[in-house]
Amino acid sequence: MSYAGTNVESSMQPNWEHFPHEADMGVRGIGSTKEAAFEGAALALTAVITDPAEVMPTQPVTVACEAPDDELLLVDWLNALVYEMATRKMLFSRFAVRLNDHGLQGTAWGEPVDVARHQPAVEVKGATYTELSVKQDEQGRWIAQCVVDV
Amino acid sequence: MDLNLLKRRGPDEWHISPRGKMRVPGVIYATESLIRDMDEKVYEQVTNVATLPGIVQASYAMPDAHWGYGFPIGGVAAFDPDLGGVVSAGGVGFDISCGVRALRTGLTVEDLQPVKEQLAEALFHRIPAGVGSRGKVHLDRHEMDAMLAGGARWAVGKGYGLHEDLEFIEEHGCMADAKPGCVSDYAKKRQQDEMGTLGSGNHYLEVQQVVQVFDAEAAPIFGLRKGDLIVSIHCGSRGLGHQIGTEFLKRMAVSAARYHIELPDRELASAPINSEVGQDYLGAMRAGINCALANRQIVTHLVRQVFADLLPQATLSLLYDVSHNTCKVEEHVIDGTPTRLFVHRKGATRAFGPGHPDVPSSLRAVGQPVLIGGTMGTASYVLVGTKESMALAFGSACHGAGRSMSRHQALRQWRGRDVVTELATRGILIRSPSLRGVAEEAPGAYKDVSEVVDAADEANLARKVARLEPLMCVKG
């Protein structure tokens with residue numbers, strides 16, 4: 001892992017990190033709940049593009065996803081954010097996720113891309129099924145991760 | 001990669017014998033040194049592809065192969081619909097028809113010098129690049145569908161470029177049987193501001209010079225001489241292609257069990273060619289190819305406008321336009337019988353040899369130009385397809401250098417400002433909205449493109465024609 005960070009709302013434990021992929025990047029969220037892990041993965045997604053600390057969480061955008069299992073739901077969540085970033089020309093730095101039996105309801109807070117300030121390195125084309133997993137580790141922490149195509 | 005996993009069948013040809021659920025062998029074309037540096041994941045992905053229904057002959061990897069998604073990047077595989085063959089959204093990838101086109105300028109390096117800085121600035125300001133950039137061409141619903149059906153042919157009809165460009169684009173600039181109706185409204189919305197944009201990451205616009213000619217027969221036919229100035233454009237189908245890939249990957253992953261397709265990796269998401277999902281994907285993916293062809297055509301038009309202002313004597317004729325991430329219907333000889341196959345190239349270039357009817361008539365005597373993109377600090381190459389390549393890997397070759405270092409490693413090693421300064425001392429002007437992006441794309445983060453190209457040449461996948469070195473690069 002090369003980069004890791006802490007969500008504004010979490011404790012001092014890092015709740016996201018990147019893991020290496022030869023051509024692209026892996027995003028990983030870590031949390032005491034599945035929801036927190038999904039939120040961390042979203043923050044890791046932003047960190048592929050820019051420093052999340054530079055993104056002001058001023059405008060909320062809501063998304064909803066449905067998928068047959070947790071793993072496909074994670075990919076759907078990240079792809080919904082990729083879509084909102086692409087069509088609204090925005091970046092996000094704060095996330096709230098609610099999971100239910102059928103899917104996910106999420107809110108992302110962010111602001112329009114400011115190229116000079118954000119220095120966005122690369123746009124994410126999509127979240128992939130490579131290295132995709134949503135599971136609990138030995139310590140009971142939820143880990144939600146996949147590789148994203150840039 | 002562990003060489004013990006492979007059987008060497010030639011200096012640059014390595015075989016993986018079928019085992020387990022593999023239906024055909026795996027074949028990797030590379031030098032011993034490239035093979036040793038290849039990730040074990042390439043081996044795993046080549047063997048996984050070999051398990052898919054209806055695959056014929058072999059699951060191939062090109063010399064630049066690296067760890068991809070489902071398929072390796074640099075993977076080639078063909079499927080026979082009459083044997084239950086599949087089409088795979090993972091086998092095409094997110095950036096449908098990402099590719100390279102090269103334009104001759106009719107100028108030499110000497111012509112460039114007086115306006116070099118102005119040209120770099122003008123290209124940077126006129127061609128939208130990078131995250132959050134918007135194109136100047138906005139399509140309503142009707143025009144979006146017309147573009148998705150017509151590709152570069154649509155663009156030329158709208159005044160973007162010249163009719164004679166179309167002859168030098170694969171499929172003559174228009175992929176047949178595209179179905180805009182199979183492309184979701186989400187994908188179309190994602191594209192509405194993105195026509196005529198470069199994108200980001202490894203996409204670029206370069207002005208290059210021909211520094212070396214290797215093939216005295218093909219180079220004059222391609223119109224390439226040492227000292228010539230060339231413009232190269234590397235970009236793809238933008239948000240529309242990414243969204244098509246995203247949506248069909250899920251649809252195929254979910255439907256695979258219904259079609260009794262066992263996926264060793266969900267990223268290999270596939271559907272039978274002769275199924276509703278398969279046909280829908282083919283219709284949408286072909287529309288994605290047309291989007292990429294139209295996009296490169298519009299960027300070409302913008303480049304021509306810039307040159308007309310600063311170097312009006314430039315001619316800017318199209319050498320060729322190749323696509324990297326596609327599935328195309330082609331006829332290949334299998335066990336002595338011409339067979340209609342669905343050929344997937346994921347990070348691989350079509351490289352048809354001399355005499356092939358799909359090669360433009362003026363180039364047919366030597367074969368198809370194969371454009372290999374390098375980095376902003378090293379070199380790109382023009383190769384030509386060979387007769388042998390048709391039998392070696394369905395007429396395919398490598399597509400670029402491939403990364404040797406992750407983006408984070410690159411960020412730790414270089415600062416964007418230093419990369420720009422160092423390249424400027426070598427006469428290479430870099431223009432980018434993001435210095436972090438420049439650091440992540442530093443030339444040292446890539447494999448040696450020359451070694452990859454030499455391996456393709458030695459393996460007879462394609463033959464070297466010319467080496468091009470960058471003079472300026474616009475990065476997203």
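As a starting point, this report considers the structure included with it.

Cut-offs used in this document
Residues numbered from 1 in each chain as written. Chains lettered and ligands numbered in written order. Predicted model: local features only at pLDDT ≥ 70, side-chain atom pairs only at ≥ 80, totals over all residues. Heavy atoms only, no water. Helix = DSSP H or I, 4+ residues; strand = E, 2+ residues; numbered from the N terminus. Buried < 20%, exposed > 50% of the residue type's maximum accessible area, 1.4 Å probe, protein only. Polar contact = N/O pair within 3.5 Å; in protein donor to acceptor, adjacent residues only side chain to side chain. Contact = heavy atoms within 4.5 Å. Phe/Tyr/Trp six-rings, centres within 6.5 Å; stacked < 30°, edge-to-face > 60°. Lys NZ or Arg CZ within 6 Å of the ring centre and 35° of its normal. Buried area = accessible area lost by both parts, 1.4 Å probe. Salt bridge = Lys/Arg side-chain N within 4 Å of Asp/Glu carboxyl O. Nonpolar A, V, L, I, M, F, W, Y, C, P; charged D, E, K, R; others polar. Pairing = 2+ DSSP bridges. Axes fitted to C-alpha atoms, helices over the stretch in contact; angles between N-to-C directions.

**Concerning the environment of Arg364(B)**
Residues and elements named next belong to chain B. Structurally, the position occupied by arginine 364 is in the loop between β14 (349–350) and β15 (369–372). Overall, arginine 364 belongs to the partly exposed group, its relative accessible area being 30%. A distance of 3.3 Å separates a polar atom in the side chain of arginine 364 from the backbone oxygen of histidine 356. Within the local environment of arginine 364, its side chain forms a polar contact with the backbone oxygen of proline 357, the two atoms lying 3.3 Å apart.

**Overview of the side chain of Lys447(B)**
Within the secondary structure, Lys447(B) sits in the loop between α13 (435–440) and α14 (449–458). Non-local contacts of Lys447(B), meaning those with residues more than four positions away in its chain, are made with Glu22(A), Asp64(B), Ala65(B), His66(B), Ala401(B), Gly402(B), Arg403(B) and Ser404(B).

**Brief notes about the packing of aromatic side chains**
All chains considered together, the criterion is met by 6 aromatic pairs over all chains. Centre to centre, the rings of Tyr83(A) and Tyr186(B) are 5.4 Å apart; their planes meet at 80°, and the pair counts as edge-to-face. Residue Tyr83(A) is located in helix α2 (residues 70–88), and its partner Tyr186(B) is located in helix α6 (residues 185–191); the two belong to separate chains. By relative accessible area, which is 9% here, Tyr83(A) ends up buried. Centroid distance Phe214(B) to Tyr381(B): 6.3 Å. Interplanar angle 25°. Geometry classified as stacked. With Phe214(B) in the loop between β8 (204–213) and α7 (218–222) and Tyr381(B) in strand β16 (residues 380–385), this pair connects stretches of sequence that are 167 residues apart. Linked through ring pairs, Tyr29(B), Tyr60(B) and Phe394(B) together constitute an aromatic cluster. Geometry around Tyr259(B) places Arg258(B) over its ring, the cationic atom sitting 5.2 Å from the centre. Lying across the ring of Tyr446(B), Arg403(B) places its NZ or CZ 5.2 Å from the centre.

**Some remarks on the interface of chain A and chain B**
At the junction of the two partners, chain A supplies 46 residues and chain B supplies 46 residues. On the chain A side of the contact with chain B, Glu22(A), Lys125(A) and Tyr129(A) bury the most area, a combined 20% of that side's loss. Linking chain A with chain B are 7 salt bridges. Connecting chain A to chain B are 21 residue pairs in polar contact (both at pLDDT 80 or more). Of all the elements in the fold, those that place two or more residues in the side of chain A that touches chain B are β2 (16–20), α1 (34–49), α2, β7 (126–127) and β9 (142–149) of chain A. Considering each element in turn, the side of chain A that touches chain B owes the most residues, 8 residues, to α2(A). Taken together, the residues of the side of chain A that touches chain B break down into 24 nonpolar, 10 polar and 12 charged.

**As for the sheet that holds strand β6 (residues 103–112) of chain A**
Residue and element names in this part refer to chain A. Pairing is antiparallel across the open sheet formed by 3 strands, whose spatial order is β4-β6-β5. Every interior strand has two partners, whereas the edge strands, β4 (59–66) and β5 (90–100), have only one. Taken pair by pair, the neighbouring strands of this sheet meet at an average axis angle of 20°, ignoring direction. The strands that α2 touches are β4, β5 and β6; relative to β4, the one it contacts most, it runs at about 140°.

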